[in-house]
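# Coordinate inspection notes
What follows is each chain in one-letter form.
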Amino acid sequence: MSFKIALAGNPNSGKTTLFNALTGSKQRVGNWPGVTVDKKMGILKGHDDIEIEDLPGIYSLSPYTMEEVVSRKYLVEEHPDMIINLVDATNLTRNLYLTSQLIELNIPTVIALNMMDLLNQKGDKIDVKKLEKELGCPVVEIVASKKNGVEKLINKAVNMLKSTPKYPKVLKFSDEAEEFLNSISNIISEKDFTLKRYFSIKAFENDSDALKEINLSSKKIDEITKIREDVENREDDIAESIITTERYDALEKISDIVLKKAPPKLSKTDKIDKIVTNRILGLPIFALVMFAIYFISISTIGTAGTDWLNGFIEDPVQPAVKSFLTGLGINEILIGLVVNGVVGGVGAVIGFLPQMMVLFACLAILEDCGYMSRVAFVMDRILRRFGLSGKSFIPMMIGTGCSVPAIQASRTIENDKDRKITIMTVSFMPCGAKLPVISLIAGSLFNSAAWVSTSIYFVGIFAIIISGVILKKFKSLASEPAPFVMELPQYHLPSIISVLRYTFDKAMSFVKRAGTIIFASTIVLWFLANFDFSFNLVDENGANSILASIGGLLSWIFIPLGFGSWQATVATVTGWIAKENIVATMGVVLGLGGSMNESSPELLQAFASSIGGPIGGYSFLLFNMLCMPCFAAVGAIATEMNSKKWTLAAIGYQMVFSYVIAFIFFNLARFFAEGIFNLWTVIAILLFATLIYMVFRKSKHKERKMEYSVNIAK
């Protein structure tokens, strides 16, 4: 007999660390059916008959975000044999809010009370026996990052699974609340529900998804509506808020019973936060941190790995493959396809893998220790000054990995207009696929200077802010920012296993793209770069090739941006399929293969002449970082917008904005650096003035001013 356990908890509660500790290496990562939300499954260590489903981190079972929808659907429909609910002991009441909803699902539950070491450092104490009595389920103290208490948790869960099921106690609300919930329960009593309490509350909250599930008659719906309206009128509040208040009132009573707080004093987290979240120092510190990360990944450790891997691909891999194929008597054209097209093109992309791995490892450390949550808090202050939603920064952070989940993360933004703006702009962030392009430009034209990659990161942030300000001036997108409520976890040492696993997953995702999309693209590109329209083999420079002809037809578009060669043009166009294609294309058309990041004068001259020198190279980088993202991201935009008009508007805005920014930069940079003044310079000045006007002009379409507050819980 096999069992299923659902692992549920708040974001930043250490759930991923616990999942890794419970399952070890026996894990599978995919997506939930129909949505691109991580689905992690694993086998409990030492128990091959017990599967653990790691649910997305959520704060409640309300169906507002895709993560909440996925978790609720799984728990209600699949009804696992047990729930392990991870609770952050340092923020007991806030975490028990989710617990109070989970125990209403009538599923045997074990509470894993995490971060007990941090609680003890604060001097606080939790009476575990009393907490068990109040919740009606076992509570196990753990420190997931150190694996303390994990074995005890496993034993407790296994023993419960293989014995008579014991169900937790639901929270007792006020007498008034229990009265109207009992009335609703009686209305749905003809249904044989084990989840009657859960559905009674959801029916009172007018949860449309829950009402569909219980399929009540219109008469019963009307009766429940009457009860809800009477209570709302009496309490002068909406149903959801009434239930939220009831939950917190009940949880505060439990907290008073089980939690003994030490006299208030500044914790290590508080002392650190006084500096890193300081209104003046917060942003400069963030800038220095990101500079250090890119310095490590692009200019030092990552570059050393990339140089070695590039050299390995160039020699001995390419010569060995060529020698092997020649020995087999393979046609020279096919040898060229394999050596220069496949190995050279894919190798040009794979060569940047060490830099990507170092970058993702650094970002994982920042996320795991709790710093990135502080960055969101710091950026909320800035974004709100410009009338933007602080919630937009969460997709921005996700966007440093991949634009697709970043676009999908916009679902957490309740305001539809803010959500649309976020979808239109979040792909400005330099995702993992753009890193090889950044490394290529930095390595070939700027001696791997860390400021290049760091500047592009902040260009992405500023582009989002400027775009948000401009787009907010239009009637169809004008709105006041929605409140931004978030939780700041305690600082703690990152889990080495979690960091390594995150880095490995991101690296494998990159390698898979290189082995599929990039592999197919390089074959097509090699053919187009080596044959003319009569299918005759062309010279080594490829000037008469099909690719050169296509690039020549379009290159005039990019001449004002400083990179009007056919090579740079086709690299830009192929980048719209996948951003890594830019590097692969350059590797094929210039015949550089695995040497894309080498510093020999010949390679630098060939690349620099095709890209327009350092100023043209940075302009090339600006355009390709800000223009339309890859096809996969465009598909995500279309899905999230659910409108052809808004999808085209998003793509159109990205293309125009990127062109204008690159145009202004290239022509003004040439004027200040080289003294070149021409018609393009005049147009650049006019465009810059127009951009400034669009940012600072007063909006005629402001909505009614909203009161808001930012709640930070530690």
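Coordinates for the structure precede this section.
To keep things clear, this report deals only with the structure shown in the data block.

## Regarding unusual backbone geometry
Not every positive phi belongs to a glycine, and Lys147 is a case in point at roughly 65°. Mapped onto the secondary structure, Lys147 falls in the loop between β8 (139-141) and α6 (150-161). Assessed through its relative accessible area of 43%, Lys147 is described here as partly exposed. A positive phi angle, near 50°, is found at Asn215, a position not held by glycine. Checked against the element boundaries, Asn215 lands in the loop between α9 (208-214) and α10 (218-235).

## As for helix α7 (residues 175-187)
Between its first and last C-alpha atoms α7 spans 19 Å; for 13 residues at 1.5 Å apiece the expected length is 18 Å, and the two agree. Every buried residue of α7 is accounted for by Ala177, Glu178, Phe180, Leu181, Ile184, Ser185 and Ile187. Summarising the contacts, the buried residues of α7 are in contact with α8 (196-204), α10 and α11 (239-258).

## What to know about empty space enclosed by the protein
Counting across every chain of the model gives four cavities of 30 Å³ or more. Each pocket or cavity is described by its volume, and for the largest cavity that value is around 110 Å³. Forming the boundary of the largest cavity are 13 residues, of which Asn114, Met115, Ala144, Ser145 and His492 lie nearest the centre. Residue composition of the lining of the largest cavity, grouped by class: five nonpolar, six polar and two charged. Size it by volume and the second largest cavity reaches roughly 70 Å³. In terms of lining residues, the second largest cavity is bounded by 10 residues, among which Leu388, Ser392, Asp418, Ile421 and Thr422 are the most central. For the lining of the second largest cavity, the element with the most residues is helix α20 (residues 416-425), which contributes four residues.

## Describing the environment of Val170
Position of Val170 among the secondary structure elements: in the loop between α6 and α7. Residue classification places Val170 among the partly exposed residues on the basis of a relative accessible area of 37%. Expressed as a C-alpha distance, the spacing of Val170 and Glu134, which sit 36 residues apart in the sequence, is 9.2 Å. Ignoring any residue separated from it by four or fewer positions in sequence, one finds Val170 in contact with Ile103, Glu104 and Arg197.

## So, a negative patch on the surface
On the surface, Asp175, Glu176, Glu179, Glu235 and Asp236 cluster together into a patch of negative charge. Among the elements that line the negative patch, the one with the most residues is α7, at three residues. Among the secondary structure elements, Glu235 is positioned in helix α10.

## Structural notes on the nonpolar core
Phe286, Tyr371, Ile461, Phe620 and Leu621 are the most contacted members of the largest nonpolar core, which totals 117 residues. Apart from residues lying up to four places away in sequence, Ile461 is in contact with Phe286, Met379, Met396 and Met429.

## Topic: the pattern of salt bridges
Tallying each qualifying case throughout the model produces 15 salt bridges. Among the salt bridges present, the one from Asp49 reaches Lys162, with a minimum N-O distance of 3.7 Å. Residue Asp49 is found in the loop between β3 (38-43) and β4 (50-54), and its partner Lys162 is found in the loop between α6 and α7; the two are separated by 113 residues along the sequence. Residue class for Asp49 comes out partly exposed when judged on its relative accessible area of 25%. In this structure, Asp273 engages Arg374 in a salt bridge whose closest nitrogen and oxygen atoms are separated by 2.9 Å. Residue Asp273 is found in helix α12 (residues 268-276), and its partner Arg374 is found in helix α17 (residues 371-385); the two are separated by 101 residues along the sequence. Of the two residues, Asp273 and Arg374, both sit in the buried class. One salt-bridge network, held together by shared partners, links Lys122, Asp124 and Lys261.

Rules and cut-offs
The written sequence of each chain sets the order in which its residues are numbered from 1. For this predicted model, a pLDDT threshold of at least 70 governs which residues receive local features, and a threshold of 80 or more governs which side-chain atom pairs are given and counted, while totals over whole chains, interfaces and linings are taken from all residues. Where side-chain values are given, they derive from all heavy atoms of the structure, hydrogens and water being excluded. Helical segments are the DSSP runs of H or I of at least four residues, strand segments are the runs of E of at least two, and each set is numbered from the N terminus. Only protein chains enter the accessibility calculation, which uses a 1.4 Å probe; a residue is then buried when its area is under 20% of its type maximum, exposed when over 50%, and partly exposed in between. Here a helix's expected span is defined as the number of its residues, less one, multiplied by 1.5 Å. A contact between two residues is defined here by any heavy atoms of the two lying within 4.5 Å. Computed over the protein atoms alone on a 1 Å grid, cavities are sets of points where a 1.4 Å probe fits but cannot get out and pockets are open sets with protein on both sides within 12 Å along at least five of seven lines; a residue lines them when it has an atom within 4 Å of a point. Grid points are joined across faces, edges and corners, and a volume is the space filled by probe spheres set on the points. Amino acid classes used here: Ala, Val, Leu, Ile, Met, Phe, Trp, Tyr, Cys and Pro are nonpolar; Asp, Glu, Lys and Arg are charged; the rest, including Gly, are polar. Two distance rules govern patches: like charges are joined within 9 Å, and nonpolar side chains (Val, Leu, Ile, Met, Phe, Trp, Tyr) within 5 Å, applied only to residues with over 30% relative accessible area and no salt bridge. Accessibility throughout is a Shrake-Rupley quantity obtained with a 1.4 Å probe, and a residue counts as covered only by protein chains that appear here. Here, a salt bridge means any Lys or Arg side-chain nitrogen found within 4 Å of an Asp or Glu carboxyl oxygen. Charge assignment in this entry is limited to Lys and Arg as positive and Asp and Glu as negative, and neither His nor the chain termini are counted. Just so you know, the charge point we use is NZ for Lys, CZ for Arg, CG for Asp and CD for Glu. By nonpolar core is meant a set of buried Ala, Val, Leu, Ile, Met, Phe, Trp, Tyr and Cys residues that side-chain atoms within 4.5 Å join together.

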